[in-house]
Amino acid sequence: MLNRRHIRVKVMQTIYAMHQNGSDSIEKEEKFLLYSIDNIIDLYLIMLSALIEIKNKESEFIEKSKLKHLATSQERNPNTKFINNSFLELLCNNNSIGIALVDRKINNWTLNDDYVLILLEEIKKSELYIQYMSLKKTSFDEDQKFIINLFEEIIAPNEKLYDYLEDNKLTWVDDIPVVNTYIVKQLRQISANKPDANLIPKLFKDTEDKEFAINLFRKTVLNESELAKEFIDKTPNWDTERIAEIDTIVLKMAICEFLKFPSIPVKVTINEYLEIAKEYSTPKSSIFINGILDNLVKEFQIDNKLNKIGRGLM
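Quick caveat: nothing in here was measured; it's all calculated off a predicted structure.

A. How the structure looks around helix α2 (residues 26-66). Here α2 spans 59 Å end to end across 41 residues, near enough to the 60 Å set by a 1.5 Å rise per residue. Maximal helix bending in α2 amounts to about 30°, located at Ala50.

B. Local environment of the environment of Ala228. Checked against the element boundaries, Ala228 lands in helix α13 (residues 224-232). Its relative accessible area of 16% is what places Ala228 among the buried residues.

C. Spotlight on unusual backbone geometry. Notably, Lys105 is not glycine yet its phi reads approximately 55°, a positive angle. Position of Lys105 among the secondary structure elements: in the loop between α5 (95-103) and α6 (108-111). With a phi angle near 55°, Asn304 is a residue other than glycine that sits in the positive phi range. Looking at where Asn304 falls in the secondary structure, it is placed in the segment after α16 (285-302). Residue class for Asn304 comes out exposed when judged on its relative accessible area of 61%.

D. Up close: the pattern of salt bridges. Tallied over the entire structure, the rule returns 19 salt bridges. Residue Lys10 is joined to Asp175 by a salt bridge in which the shortest nitrogen-to-oxygen separation is 2.9 Å. One end of the pair, Lys10, is in helix α1 (residues 4-21); the other, Asp175, is in the loop between α10 (159-168) and α11 (176-189), with 165 residues separating them in the sequence. As far as burial versus exposure is concerned, Lys10 and Asp175 are alike and both buried. Among the salt bridges present, the one from Arg218 reaches Glu30, with a minimum N-O distance of 2.6 Å.

E. Spotlight on α16. Over its 18 residues, α16 runs 26 Å from end to end, which matches the ideal 26 Å to within 8%, given 1.5 Å per residue. Taken as a whole, α16 has its buried residues at Ser285, Ser286, Phe288, Ile289, Ile292, Leu293, Leu296, Val297 and Phe300. Across the axial projection of α16, the buried residues extend over an arc of 160°, all falling on one side. Away from its buried face, by an angle of more than 90 degrees, α16 presents the exposed residues Ile287, Lys298 and Ile302. For α16, the secondary structure elements touched by its buried residues are α13, α14 (245-260) and α15 (266-280).

F. Quick peek at the packing of aromatic side chains. One pass over the structure, following the stated rule, counts nine aromatic pairs. Their ring planes at 40° and their centres at 5.6 Å tell us that Trp109 and Tyr164 sit as a pair that is tilted. A residue pair is termed long-range when its members are at least 10 positions apart, and Trp109 in helix α6 and Tyr164 in helix α10 qualify at 55 residues. In this structure Trp109 comes out as buried when scored by relative accessible area, which is 5%. A centroid spacing of 5.7 Å and a plane angle of 75° characterise the contact between Phe212 and Phe261, whose relative ring orientation is edge-to-face. Of the two residues, Phe212 is situated in helix α12 (residues 207-222) and Phe261 in the loop between α14 and α15; the sequence distance between them amounts to 49 residues. We classify Phe212 as buried; its relative accessible area is 4%. Following the ring pairs from residue to residue traces out a cluster consisting of Phe82, Tyr129, Tyr132 and Phe146. Looking at Arg4, its charged tip hangs above the ring of Phe212, at a distance of 4.2 Å from the centre. In this structure, Lys81 is placed above the aromatic ring of Tyr132, and the distance from its NZ or CZ to the ring centre is 5.0 Å.

About the cut-offs
Residues numbered from 1 in each chain as written. Predicted model: local features only at pLDDT ≥ 70, side-chain atom pairs only at ≥ 80, totals over all residues. Heavy atoms only, no water. Helix = DSSP H or I, 4+ residues; strand = E, 2+ residues; numbered from the N terminus. Expected span 1.5 Å × (residues − 1). Bend = angle between axes of the 7 residues up to and from the residue. Buried < 20%, exposed > 50% of the residue type's maximum accessible area, 1.4 Å probe, protein only. Salt bridge = Lys/Arg side-chain N within 4 Å of Asp/Glu carboxyl O. Arc of directions from axis to C-beta. Contact = heavy atoms within 4.5 Å. Phe/Tyr/Trp six-rings, centres within 6.5 Å; stacked < 30°, edge-to-face > 60°. Lys NZ or Arg CZ within 6 Å of the ring centre and 35° of its normal.

Bear in mind that shape data such as this cannot, by itself, settle questions of function.
Pasting the structure below:
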């Protein structure tokens, strides 16, 4: 699920938190890093299970409406197209989702069903829902497309849901777009022919990515003073205190990759950290960081410090 850039962001945030807390326990902060990464699966399950809980709430509402003493004709004979959506049924009955929700004790919507009701209300007044409910018959593909559109257009962008997730775990703020994008990708790949497909993603593409996260954190933190010396003298017009802390962390991580990760191309490192700086630091940070890194690369090349392995890595 996670690409290298998101891994770098997680490492950067952990180092920043470490500085803010004044912590010097690498073991403790490394556990926090891996914990915050692992929690992305919880976020994935919470967002995916929102679809299931919305269906359950609508089913409950329909059943309660039927039992009213003075139920209307529409309440006695409701349109059940939404709760009978074949794609939604497949999600509800998927073993991997059910097991993961139990194993990881995901009960957010049981404890906070008001958010499910908010989403359900938004869905039922949407043109997307109204048009779907007016159709007499639909195929599995049409049901699938409707649910995906529902997630993309109504659930994922909901501000109240976003606020709830942010309040639940601050580390999720940067994970929400990644998780929502992955959920849509997963939903598109589900087939009626494989109802029991495993829908729980792997956090890391392979063991190398997990090792990269741990090694980048360790090597940056253990060598912060040494890494800082590489760029402090290159900023004569900037007092150390004037450089944004995120910028110093980004520079240290980038220099760490230059010197201690021989298989990562220099251009990849520069491009990744410039994009991170644009998103997480000041408006001028990427220009500042780009200038420093460019000069350092030239200097490292002259001094034969860049021991990159493989062709085209410079």
